[in-house]
2 protein chains.
Amino acid sequence: MSQGYSVAILGATGAVGRRMIKQLAQSTIPVKSLKLLASSRSAGTELAFKGQKLVVEETTPESFAGVDLVLSSAGGAVSKRFLPEAVKRGAVCVDNTSAFRMDPEVPLVVPEVNPDALAHHHGIIANPNCSTIQMMVALEPIRKAFGLKQIIVSTYQAASGAGQSALNELYQEAQDYLDGKEMHAAILPTKGEAKHYPLAFNLLPQIDVLEDSGYSHEEWKMIHETKKIMLGDMNAKDIKVTATCVRVPVPIAHGESVYFTVEDQTATVEDLWKVLQKAPGVVLEDDIKHQVYPQPINAVGKRETFVGRVRPDYENPGAFNMWVVSDNLLKGAAWNTVQIAEYLVDRDLL
Amino acid sequence: MSQGYSVAILGATGAVGRRMIKQLAQSTIPVKSLKLLASSRSAGTELAFKGQKLVVEETTPESFAGVDLVLSSAGGAVSKRFLPEAVKRGAVCVDNTSAFRMDPEVPLVVPEVNPDALAHHHGIIANPNCSTIQMMVALEPIRKAFGLKQIIVSTYQAASGAGQSALNELYQEAQDYLDGKEMHAAILPTKGEAKHYPLAFNLLPQIDVLEDSGYSHEEWKMIHETKKIMLGDMNAKDIKVTATCVRVPVPIAHGESVYFTVEDQTATVEDLWKVLQKAPGVVLEDDIKHQVYPQPINAVGKRETFVGRVRPDYENPGAFNMWVVSDNLLKGAAWNTVQIAEYLVDRDLL
């Protein structure tokens, strides 16, 4: 397709959608035409792509006629409704919602980890959850080199993971707090929940809904997406995973305290550093003598995953702690989606 | 001593010192006289105790003449210099700094956990690190009931743990950030370090200095204080402990994601709840159906340790996750110190 591809971005006006436009503009994908789609509420908004102003259109099934590639980040219900319509019309969809992630027919892909899964797609490819992606980028090179037995992760997740409105809420709460006023929460921890709590100057140990298992849906996603991405099966037993997900008053970029156990008990921190230094998508920031370690404030706007504070658990051979930070809106969402699309184009899988 | 005790508070003008004055006023300790001590810089400050105004005096060795009980929170160097002088003059000192914690002759006490260690004091009793104390309050009842094999903790620590000036820095940074100005850090992550980083809207995976082992001193403290408090020996092997300590943009009250393994593999979440409901100093806040879980904003000003989000690691029998929050300036510092003093008075150990 020498003139390039006809692309549509579904959910173009959201925090992730806007970043998808920018990541697409900076990608290697030849774009013939770009259609920006959203709900009727956002239709009419003007957004720029490579210096050109585009008007956002209301999404209908017919919006996808003639479209080759759909990048979607408009929420699970919207994806469920429209992506099958897009596939019916011949498009390949990369979906940043949780709608299809656990469908055994749908590849769940982090390009640094399991790009080969793309070969078997049936029109829809799922982008994993933001907190899962950055952990996969950091752990996959370690798994390849030393084997991986167990993961225990505690997350420090940014407000923007719950959307632009949650981010605005954090800023408003912070200003109210500093002004000595009462804070008003209407969105976090999760839209649609019965109760809302302020995040500014606080911590919320709930991301997404809390399930009967005692785990939040976000924690469930980290466990089962990890298994599907690394082992090809959401219920695989070869790597044990548990997670605690906490929302913190940070606008963008998630932190993760990752404890993991490798099969090769002779592995040292130096061995891990060597592997991480060469790992795709990883920047090793681990020089404690000079206080160098990953911080959200430094990761914003970057595509890479930053890894530091790598230390052995001195009482458990083969066990380590590390600290992982990445921009949840880029590698955790918009960039990983566009990166998958680049792979599809490169491998002629569109 | 029917008329009560002569008490001195060393470091009276700090964030913890001010809270010690209030906790002492609310305690069962009969106070005959109270002396407020600080550096020459803070001498002359007026502070209230039970409605009475007291003038802060500059600390000298002679300040401790006639004093029965010293509560100290003026920094390790000050404690090392003055507490031996106070002991020489007949006082018993409860010290909230790290100066004497690892001295095998000095009891390191959380009253809910190891009050019997107080019987063997030689004039100085150490108050553990804030992040250790709240974890001990939550884990000791579990250890007693089910045995404890391993602890893997990730902390979410409040700015006030680094003192009032760090808290002021957080607020100033937050306002500057919201105003679109550059943030200026001069204190955090740790006074005296070469580099300082903003905490507002950020995460700092460094608390206290970073050691050659790869661990921060705060992480080292959590590991070795846990062993000394629970097992009586800072290098005990019976419980394995590892920690990752992260400063978060919260003013007061630390959060902790605690993963632990018990010996009794038949233990269920319901069993843990039963034990935690009856545990001294613990408030169980764990009703996920109604979104009830511990939050820093709710723990401020309370003496208790709040525990929630208790869940099994479904892939590891006997392993659990839980979320622990407590006011780092009260149970983590001022209240635990005064509580130790109450025990000393009750057991006639002054």
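Per-chain numbering applies: the sequence of each chain, read as written, is numbered from 1 onward. Chains carry letters from A onward and ligands carry numbers from 1 onward, assigned in written order. Where totals are concerned, whole chains, interfaces and linings use all residues; where local detail is concerned, this predicted model gives features only for residues with pLDDT of at least 70, and gives and counts side-chain atom pairs only at 80 or more. Hydrogens and water are ignored here; the side-chain numbers use all heavy atoms of the structure.

Caption draft 1: The arrangement of the overall build of chain A in detail. Secondary structure counts use DSSP, requiring at least four H or I residues in a row for a helix and at least two E residues in a row for a strand, with both numbered from the N terminus. Counting secondary structure elements, chain A contains eight helices and 14 strands. Projected onto the principal axes, the alpha-carbon positions of chain A cover approximately 60 × 55 × 40 Å. For chain A, buried positions account for 63% of its 350 residues. At a minimum sequence separation of 6, the contacts of chain A that also span at least 24 residues come to 66%. As displayed, chain A has an accessible area near 12,800 Å², and 49% of this comes from carbon and sulfur atoms. When a residue's accessible area, from a 1.4 Å probe over protein chains only, is under 20% of the maximum for its type it is buried; when over 50% it is exposed; and in between it is partly exposed. Note on contacts: a residue pair qualifies if any of its non-hydrogen atoms lie within 4.5 Å across the two residues. Residue exposure ignores everything except the shown protein chains as possible cover, and the areas themselves are Shrake-Rupley values with a 1.4 Å probe.

Caption draft 2: Up close: the packing of helix H4 (residues 164-178) of chain A against helix H4 (residues 164-178) of chain B. Running from amino to carboxyl end, H4 of chain A crosses H4 of chain B at an angle of 130 degrees, the nearest separation of the two axes being 10 Å. Here H4 of chain A is positioned oblique relative to H4 of chain B, judged by the angle of their axes. At the point where H4 of chain A passes H4 of chain B, the crossing takes the left-handed sense. Residues Tyr171, Ala174, Gln175, Tyr177 and Leu178 of chain A of H4 of chain A form the contact with H4 of chain B, whose own contacting residues are Tyr171, Ala174, Gln175, Tyr177 and Leu178 of chain B. Class assignment for the residues of the contact of H4 of chain A with H4 of chain B results in eight nonpolar, two polar and no charged. Structural elements are reduced to axes, namely lines fitted to C-alpha atoms, with helices fitted over the stretch in contact, and the angle between N-to-C directions of any two is expressed from 0 to 180 degrees. Convention used here: angles under 35 degrees read as roughly parallel, angles over 145 as roughly antiparallel, angles from 65 to 115 as roughly perpendicular, and any remaining angle as oblique. Left-handed is the label given to a crossing in which the near helix is rotated counterclockwise from the far helix by less than a right angle, and right-handed is the label when the rotation is clockwise. All residues other than Ala, Val, Leu, Ile, Met, Phe, Trp, Tyr, Cys, Pro, Asp, Glu, Lys and Arg, Gly among them, are scored as polar; the first ten of these are nonpolar and the last four charged.

Caption draft 3: Layout of the packing of helix H1 (residues 15-25) of chain B against helix H8 (residues 330-346) of chain B. All names here are of chain B. Viewed as axis vectors pointing N to C, H1 and H8 meet at an angle of 45 degrees, and their least axial separation amounts to 9 Å. With respect to H8, the element H1 is oriented oblique. Like other packed secondary-structure pairs, H1 and H8 cross with a definite hand, here right-handed. From H1, Val16, Arg19, Met20, Gln23 and Leu24 reach across to H8, where they touch Leu330, Ala333, Ala334, Trp335, Thr337 and Val338.

Caption draft 4: The arrangement of the sheet that holds strand S11 (residues 254-262) of chain A in detail. All names here are of chain A. The pairing criterion is simple: DSSP has to find at least two bridges between the two strands. Ordered in space as S10-S9-S11-S14-S13-S12, the six strands form an open sheet in which the pairing is mixed. Single-partner strands in this sheet number two, and they are strand S10 (240-247) and strand S12 (282-284). Each adjacent strand pair in this sheet contributes to an overall mean axis angle of 25 degrees, direction not counted. Alignment of strand S9 (residues 148-157) against S10, held across eight bridges, turns out to be parallel. Looking at S10, one finds that Ile152 is bridged to Thr242. Relative to strand S13 (residues 305-312), helix H6 (residues 269-278) is tilted by about 170 degrees, and along the sheet it contacts S11, S12, S13 and strand S14 (319-326).

Caption draft 5: Molecular detail of the interface of chain B and chain A. Taken together, the 67 residues of chain B in the interface contact 67 residues of chain A. What makes a salt bridge here is a side-chain nitrogen of Lys or Arg within 4 Å of a carboxyl oxygen of Asp or Glu, nothing more. For the pair chain B and chain A, the number of links is eight salt bridges. For Arg309 of chain A, the salt bridge identified is with Glu219 of chain B, shortest N-O distance 2.7 Å. In protein, a polar contact means a hydrogen-donor-capable atom and an acceptor-capable atom, both N or O and within 3.5 Å, with residues adjacent in sequence counting only if both atoms are side-chain atoms; elsewhere, any N or O pair within 3.5 Å suffices. For the interface between chain B and chain A, the tally reads 55 residue pairs in polar contact (both at pLDDT 80 or more). Put simply, the parts of the chain that give the side of chain B that touches chain A at least two residues each are strand S9 (148-157), H4, helix H5 (217-231), strand S10 (240-247), strand S11 (254-262), helix H7 (296-299), strand S13 (305-312) and strand S14 (319-326) of chain B. The residue inventory of the side of chain B that touches chain A, partitioned by class, reads 37 nonpolar, 18 polar and twelve charged.

Caption draft 6: Layout of the domain arrangement of chain A. Residue and element names in this part refer to chain A. Note that domain bounds follow an automatic or database assignment of domains. By domain assignment, chain A separates into domain 1 (5-127 + 333-346) and domain 2 (132-328). Domain 1 and domain 2 are separated by 25 Å when their C-alpha centres are compared. Taken together, the 18 residues of domain 1 in the interface contact 17 residues of domain 2. Taken together, the two surfaces of domain 1 and domain 2 that pack against each other cover about 1,700 Å², and 63% of this comes from carbon and sulfur. Summed over both partners, the accessible area lost on bringing two parts together, with a 1.4 Å probe, is the buried area. Looking only at domain 1, the three residues that lose the most surface to domain 2 are Met102, Glu112 and Val113, adding up to 37% of its buried area. If you look at where domain 1 meets domain 2, you find one salt bridge. Here Glu225 makes a salt bridge to Arg101, at a shortest N to O gap of 3.1 Å.

Caption draft 7: Quick look at the UniProt feature "binding site: phosphate" (unreviewed entry) in chain A. All names here are of chain A. UniProt positions are given in the numbering used here, feature names are shortened, and annotations may be inferred rather than shown by experiment. Annotation from UniProt places "binding site: phosphate" (unreviewed entry) at Arg101. Looking at the secondary structure, you find Arg101 in the loop between strand S7 (92-95) and strand S8 (124-126). A relative accessible area of 4% places Arg101 in the buried class. Apart from the residues lying within four places of it in its own chain, the contact partners of Arg101 are Asn96, Val106, Leu108, Ala126, Asn127, Pro128, Asn129, Lys221, Glu225 and Lys228.

Caption draft 8: Just the pairing of S9 of chain B, in detail. All names here are of chain B. Where burial is concerned, most of S9 is hidden: nine out of the ten residues are buried. Pairing of S9 with S11, which is carried by eight bridges, proceeds in the antiparallel orientation. Its bridge partner being in S11, Leu148 is matched across the sheet by Val262.

Caption draft 9: Region of the structure containing the UniProt feature "domain: Semialdehyde dehydrogenase NAD-binding" (unreviewed entry) in chain A. Under the UniProt annotation, the feature "domain: Semialdehyde dehydrogenase NAD-binding" (unreviewed entry) is placed at residues 6-121 of chain A. Taken end to end, residues 6-121 of chain A is 21% helix and 27% strand, and its first and last C-alpha atoms sit 19 Å apart.

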